[in-house]
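Understanding the architecture of this molecule
The lines below spell out each chain.
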Amino acid sequence: MSKLVIVESPAKAKTIKKYLGGDYEVIASMGHVRDLPKARLCVDVKNDFKPKYAIIKGKEKLVSELKEAAEEADTVYLATDPDREGEAISWHLAYILGLDEDYHNRVTFNEITKTGITEGMAHPRSIDQNLVNAQQARRILDRLVGYSLSPFLAKTIRRGLSAGRVQSVALRIIVDREEEIRKFKPEEYWSIDARLTAEGSRSIFGASFYGDKNGEIKITNKEQSDKILADLESAAFMVESVKKGKKNKQPAPPFITSTLQQEASRKLGFQAKRTMKAAQELYEGVDIEGMGAVGLITYMRTDAVNLSKEAIAACRDVIVKYFGDEYLPKAPKEYKTKSKNAQEAHEAIRPSDVTNTPKKMEAKLDNDAHRLYELIWK
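Residues numbered from 1 in each chain as written. Predicted model: local features only at pLDDT ≥ 70, side-chain atom pairs only at ≥ 80, totals over all residues. Heavy atoms only, no water.

A two-sided burial pattern is seen for strand 7 (residues 75-78), the buried positions comprising T75 and Y77 on one face and V76 and L78 on the other. Of the strand pairs in this sheet, strand 1 (residues 3-7) and strand 7 are connected by 4 bridges, and their pairing is parallel. Within strand 7, the residue paired with L4 across the bridge is V76. (Buried < 20%, exposed > 50% of the residue type's maximum accessible area, 1.4 Å probe, protein only. Helix = DSSP H or I, 4+ residues; strand = E, 2+ residues; numbered from the N terminus. Pairing = 2+ DSSP bridges.)

Before going further, it helps to examine the pairing of strand 8 (residues 193-197). On a regular strand, each side chain points to the face opposite its neighbour's, so the side chains alternate between the two faces of the sheet. Both strand 8 and strand 9 (residues 204-208) contribute to a ladder of 5 bridges, which runs antiparallel. Its bridge partner being in strand 9, D193 is matched across the sheet by S208. The turn linking strand 8 back onto strand 9 is made up of 6 residues, and G200 within it adopts a positive phi angle of 80°.

Our focus in this paragraph is the packing of helix 1 (residues 10-20) against helix 4 (residues 114-122). Between two packed helices, both the angle of their axes relative to each other and the distance between the axes serve to describe the pair. Running from amino to carboxyl end, helix 1 crosses helix 4 at an angle of 80°, the nearest separation of the two axes being 10 Å. Classed by the angle they form, the pair helix 1 and helix 4 counts as roughly perpendicular. Contact residues: helix 1 offers I16, Y19 and L20, while helix 4 offers K114, I117 and M121. Its residues placed into classes, the contact of helix 1 with helix 4 shows 5 nonpolar, no polar and 1 charged. (Axes fitted to C-alpha atoms, helices over the stretch in contact; angles between N-to-C directions. Parallel < 35°, antiparallel > 145°, perpendicular 65-115°, else oblique. Contact = heavy atoms within 4.5 Å. Nonpolar A, V, L, I, M, F, W, Y, C, P; charged D, E, K, R; others polar.)

The next thing to look at is the packing of aromatic side chains. Taken as a whole and judged by the stated rule, the model has 2 aromatic pairs. Ring centres 6.1 Å apart and planes at 80° place the aromatic pair Y53 and W91 in the edge-to-face group. In this pair, Y53 sits in the loop between strand 5 (50-51) and strand 6 (54-55) while W91 sits in helix 3 (residues 84-97), placing the two residues 38 residues apart along the sequence. The burial state of Y53 is the same as that of W91; both residues are buried. Taken together, a centroid distance of 5.0 Å and an interplanar angle of 65° make the contact between Y283 and Y299 edge-to-face. (Phe/Tyr/Trp six-rings, centres within 6.5 Å; stacked < 30°, edge-to-face > 60°.)

Within this structure, the stated rule accounts for 19 salt bridges. In this structure, the salt-bridge partner of R139 is D35, at a minimum N-O distance of 3.1 Å. Taken as a pair, R139 in helix 5 (residues 129-156) and D35 in strand 3 (residues 34-35) lie far apart in primary sequence, 104 residues in all. A salt bridge links R139 to D142, with the shortest nitrogen-to-oxygen separation between them at 3.9 Å. Here R139 pairs with D142, and both are found in helix 5, just 3 residues apart, close to one helical turn. Classification of D142 by relative accessible area gives partly exposed; the value is 27%. Linked through salt bridges whose partners overlap, the residues forming this network are D35, R139, D142 and R165. (Salt bridge = Lys/Arg side-chain N within 4 Å of Asp/Glu carboxyl O.)

Here it is as structure tokens:
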């Protein structure tokens, strides 16, 4: 019995093939195979906004190869990415290949490891039409907004200008913020800071001027600042009271897509596109000597912060091994996903095998992938 598995990328196909073995043929669809043609709107606004799809130009040969492979196979599994886009690609593939949408042949892999692939293949399901419709709604809105507004902008303002479902709203936010900035009336203010040393000590600590015995003083000009400085020259400085306390700092939740992009921008200087490119490589599989192609992180498009029990247990083992028992919490910290619409079936972004430390992976990854992997691992 032959079994065909269709994934999105060749890198992912290579990794999955290694784990599934000889009974399976794994082919990549190279992303979307059917979409709205570029030349026209291709959305019937008078007929419930029905989209008019067609095979993407240049993918005719690939579609023929997929059809031929599907006809020869006893079972076809649709294993595109576990998000809206991936679900839509599987739906389009099912249509092109003549597969029953209600048949349980849709599999998803949260991580491209032996465990993740075995788990995914063991729980096939039917195509999730809600996810498909979510992707279709976004795609249709792209067309309705972009194809309606872009020609108008090019005609009335300047050639080359475009508008879209996301960028139009983002531009509105920027314009509103700019108007707030322009309406702001700046006020002059001054601050006074001192560096003090206690008698008999070499330690220096900083202090900021707050006010006098009557309360806070707002310094609004240089003359006022100079007068206070003159008074301070002959002043005796004394610590009247000391307040001691303990503060608990909670660790940040595991990464979701947005927080990974934010932290990669802040710490690594990566733009979102650069972050997601490196994350895609880490997820789909990296060739490691002695191990073959291995997926190093879980799926990078997620809005859930939960982790599997197995992953948490593995992290606790690593903490003891590398840092010692004194750094191991009695119980693992639990986080709740804030978004009501989050896909709880997904995990947060984490290393698929936490024993693959950044140091071990350094020589096996390019610079971007290694730096991002180190951020995720830590």
